[in-house]
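If you want the building blocks of each chain, they are given just below.
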Amino acid sequence: MKYRILILALTLTLLSCKESYTKKHPVTGVIAKQGMVVSARKEASLIGTSILKQGGNVFDAMMATELALAVAYPYAGNLGGGGFMVYRLNSGAIGCLDYREKAPMAATKNMYLDSLGNVIPEKSTLGAMAVGVPGTVAGVFAAHEKFGTLPLETILKPVIDLAKKGVVVTEKQERRIQAKRPSFQKANKDTIVLDANWKVNDTIKYPALANTLQVILEQGKDGFYKGDTAKTLAGFIQDNGGIITEEDLASYEAKWRKPVIFNYDNLKIISMSPPSSGGVCLGQIMGMIASYPLEKYGHNSTKAIQIITEAERRAYADRSYYLGDPDFVDIPQTEILSDSYLKDRMSNFSFKQATPSSTLKHGNVEVVESDETTHYSIVDQYGNAIAVTTTLNGAYGSKLYCSELGFFLNNEMDDFSSKPGTPNMFGLIGAEANSIAPQKRMLSSMTPTIVEKNGEFYMSVGTPGGSTIITCVLQIILNVHDFNMGMQEAVNAPRFHHQWLPDEVLMEPNKFDKKTISALEKKGYHINEKDAPIIGRVDGILKLKDGSYEAGADYRGDDTAIGF
Ligand code: GLY
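Just so you know, these numbers come straight off a predicted model, no measurement behind them.

## Topic: the sheet that holds strand 16 (residues 496-497)
Inference 1: Strands sit in the order 16-17-18 across an open sheet of three strands; the sheet is mixed. If you trace the sheet from one side to the other, it starts and ends with strand 16 and strand 18 (527-528), each paired once.
Inference 2: Where strand 16 lies against strand 17 (residues 505-507), two bridges are found, and the strand directions are antiparallel. Bridging from a neighbouring strand, Phe 496 pairs with Met 507 of strand 17.

This is the structure in C-alpha cells:
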C-alpha cells in the first residue's frame, strides 16, 4: 500500500511539473496552411512572410529573412559571416549551398601559435585576426540568382526600412548586450553602437547598415565584394591588425554542393555536407542508433540517453579526425556512413557501462571539426522548403564592428584547428584535415536539415549551438519520429549533448529526472548540468497529416513563427 501511495505521489508530482512546464511553453506551435517563416526574431519572420505573400518563393524569402536577421539580430544574423542552406523543391529536387567563410589568402597554418608553438589566447576569437572572408552576401545572391523570382527592390526595401526605423530591444537582447560590452570595448578602437546602456523596449537604429544594404541593392553582390564597400571593409580590417584584402573579398564565391542523404527508418534525411560536419555526423549517429528501440526505452530514459550518447561519442571522434573542407581534403564519407562501419563502431558498446572517451579514437576505414549561430526554416505556398543556418561564430562574432558599414565581423577562423589536439572555443579537438590553409573553409557543425517521409516534405529543422547543433537536430527528429511529438513539443523538450571530448553529458539544468541522472552516473557517465543553461535554439517546421504546417519556435530565444 505504502508503495502504491508513493507511486501515486510521484506520478502526481511529475504530472504537475509537466503541466506547469506546458502552461509556460505551449506544446502546439503556430499552424499555417500555405507558407511560414520561423526565425530568431519576429521582425525577420514578418519580413520573410511578407515576401511570400507577395508571391515570392522560399529563396526570395531567404534573402529577405537572412538580411533582416543581420539588422534585427546582430548577435548572430550577419553580413559579416557565412552559412549553409539546404533546399527541397516542390518537384522533389534537392540540393545545398555553402556560403561558409574562407581563410584569407595570407593565412598560414600556424598563424595562431606563438614561437613556442602554443595557441595565443583570443587571437582566433577576438578582433581582426579572427575574421574569415565573409560569405553571406554571396550566399543569398547565389540562391536568388538560381531560384529567386522577385526583384531585389521588393526583397531589400523592407529590410532597409527596418534598419532605418530601428529594432526594439528585447529582454534577452538587453542581457546579451550588457554581457558583451567589455568584449566590444576590447575589440574596437572606437565606441560602437551596441556598446551603450541599451534597455528593453529601447529602439536601436542602424543607418550605416541601411546605406550598405542600399549599395547592395543598387550594385548586387559586387556592392559588397568589390568597389567602395570592399575597399572600406578591407581597409578597416587591416587598420585593426587583420589580413583580409580586397582581393580576398573579390574572389569569394558561394558553392553549390551535394547534400548528405541517408535513411532512418522510413525517413529520408537531407542535410549539409562538408565543410560542415553536420550531415555526416548526424548520419553516423542515426546510423548507429537505428537498430535500437528508442520508443520502447522511453523519451530521455536512461537507456535512450545512453545509446544516443554512445553514438554521439563515436561520431564526434570521427568528426575530429576525418572532416574538413572537401576542396582541400579527401573525406571517406561513403565509408564512415556505411552500415558495416557504423555497426563495427558500436560493437564495443554495452548498456552496463559508459565507454570512456579516453579509450576511444576515430574509427579505421579502408582508404588510403555559441555557440552563437542562428537558424531559420521556410516553406512557401508552392511546396518548396529550405533550412538555413547562418553565423558569426561566437556571439557578435569577433566583436569587431565596422561602424562605417554597420555590421559585426565573424570570428570563424577559430573553427579551424589552430593546433591539432588543442580544443577550440567549443571544446572541439581538430586534426590535420581541418588545419588552416589559404582560401580553405573551416569545418562547421551547422546542420540545416530537411526530412522527407514517404517521398514528401516532412520537416525543415536546424539550430545554433556550436558543437551542440548536430545533437539538437538529432533530438528534434527523434522526438517527432520515435517519440510521436509535434514540432513545438519536440522543440520544447529538454536536451542533452555529448561530443566525445570533453567526456561529459551536457544536460539542460533541472529538466532531467534525478533518478535517470543518478542511474547514468552509476554507469560511469559524467553529467554536467552547469555549463549549458540551454542547448540550442531550434526553429523548425513540420508538415502535418492534413497538409498544414506546424512551427516549432524555440522559447529559449526570441524565436517567432509567422505563417499564413
Ligand atoms: N561556428 C559554428 C559552426 O560553424 O559550427
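Moving on from the coordinates now.
## Structural notes on helix 5 (residues 152-165)
Because the α-helix completes a turn every 3.6 residues, residues three or four places apart line up on one side.
Inference 1: Taking 1.5 Å per residue as the helical rise, helix 5 with its 14 residues ought to reach 20 Å, and the 20 Å between its terminal C-alpha atoms agrees with that figure.
Inference 2: If you check which residues of helix 5 are buried, you get Leu 152, Ile 155, Leu 156, Val 159, Ile 160, Leu 162 and Ala 163. Each buried residue of helix 5 sits inside an arc of 155° when the element is viewed along its axis, so together they form one side. The outward face of helix 5, more than 90 degrees from its buried face, is lined by the exposed residues Lys 164 and Lys 165.
Inference 3: Buried residues belonging to helix 5 abut helix 2 (42-53), helix 3 (58-72), helix 4 (136-147), strand 5 (167-168) and helix 7 (207-219).
Inference 4: Backbone geometry just after helix 5 places Gly 166 at a positive phi near 100°.

## Some points on the pairing of strand 19 (residues 539-543)
Two faces make up the sheet, and in a regular strand the side chains alternate between them.
Inference 1: Across the five residues of strand 19, four count as buried, placing the element largely inside the fold.
Inference 2: As paired strands, strand 15 (residues 456-462) and strand 19 are joined by four bridges and run antiparallel to one another. Directly across from Val 461, in strand 19, lies its bridge partner Gly 540.
Inference 3: The pairing of strand 19 with strand 20 (residues 549-553) spans five bridges and is classified as antiparallel. In the strand pairing of strand 20, Lys 543 is matched with Tyr 549.
Inference 4: Counting the residues that bridge the hairpin from strand 19 to strand 20 gives five residues, and of these Gly 547 lies at a positive phi of roughly 90°.

## A closer look at the environment of His 497
Inference 1: In this structure, His 497 sits in strand 16.
Inference 2: Judged by relative accessible area, His 497 falls into the buried class, the value being 1%.

## A look at the sheet that holds strand 9 (residues 267-271)
Inference 1: Strand order in this open sheet of seven strands is 1-20-19-15-14-9-8, and the pairing throughout is antiparallel. A single partner strand is all that each edge strand has here, and the edge strands are strand 1 (31-32) and strand 8 (260-264).
Inference 2: Bridging between strand 9 and strand 14 (residues 449-453) involves five bridges; their strand directions are antiparallel. Along strand 14, the bridge assignment pairs Leu 267 with Lys 453.
Inference 3: Packing of helix 11 (residues 278-289) onto the sheet brings it into contact with strand 8, strand 9 and strand 14, and relative to strand 8 it is tilted by some 20°.
Inference 4: On top of the sheet, helix 16 (residues 469-481) reaches strand 8, strand 9, strand 14, strand 15 and strand 19; it is set at about 140° to strand 15, its chief contact.

## Concerning the nonpolar core
Inference 1: In this structure, Leu 79 and Met 85 are the most contacted members of the largest nonpolar core, which totals 84 residues.
Inference 2: Element by element, the count of residues in this core is highest for helix 3, at 12 residues.
Inference 3: In contact with Met 85, not counting residues within four places along its chain, are Phe 59, Met 62, Gly 95, Cys 96, Leu 97, Tyr 99, Ala 143, Trp 256, Met 272, Ile 386, Ala 387 and Val 388.
Inference 4: By size, the runner-up hydrophobic cluster in this structure holds 69 residues, among which are Ile 269, Tyr 297, Val 461 and Cys 472.

Rules behind the numbers
- Residues numbered from 1 in each chain as written.
- Predicted model: local features only at pLDDT ≥ 70, side-chain atom pairs only at ≥ 80, totals over all residues.
- Heavy atoms only, no water.
- Pairing = 2+ DSSP bridges.
- Helix = DSSP H or I, 4+ residues; strand = E, 2+ residues; numbered from the N terminus.
- Expected span 1.5 Å × (residues − 1).
- Buried < 20%, exposed > 50% of the residue type's maximum accessible area, 1.4 Å probe, protein only.
- Arc of directions from axis to C-beta.
- Contact = heavy atoms within 4.5 Å.
- Axes fitted to C-alpha atoms, helices over the stretch in contact; angles between N-to-C directions.
- Core = buried A, V, L, I, M, F, W, Y, C linked by side-chain atoms within 4.5 Å.

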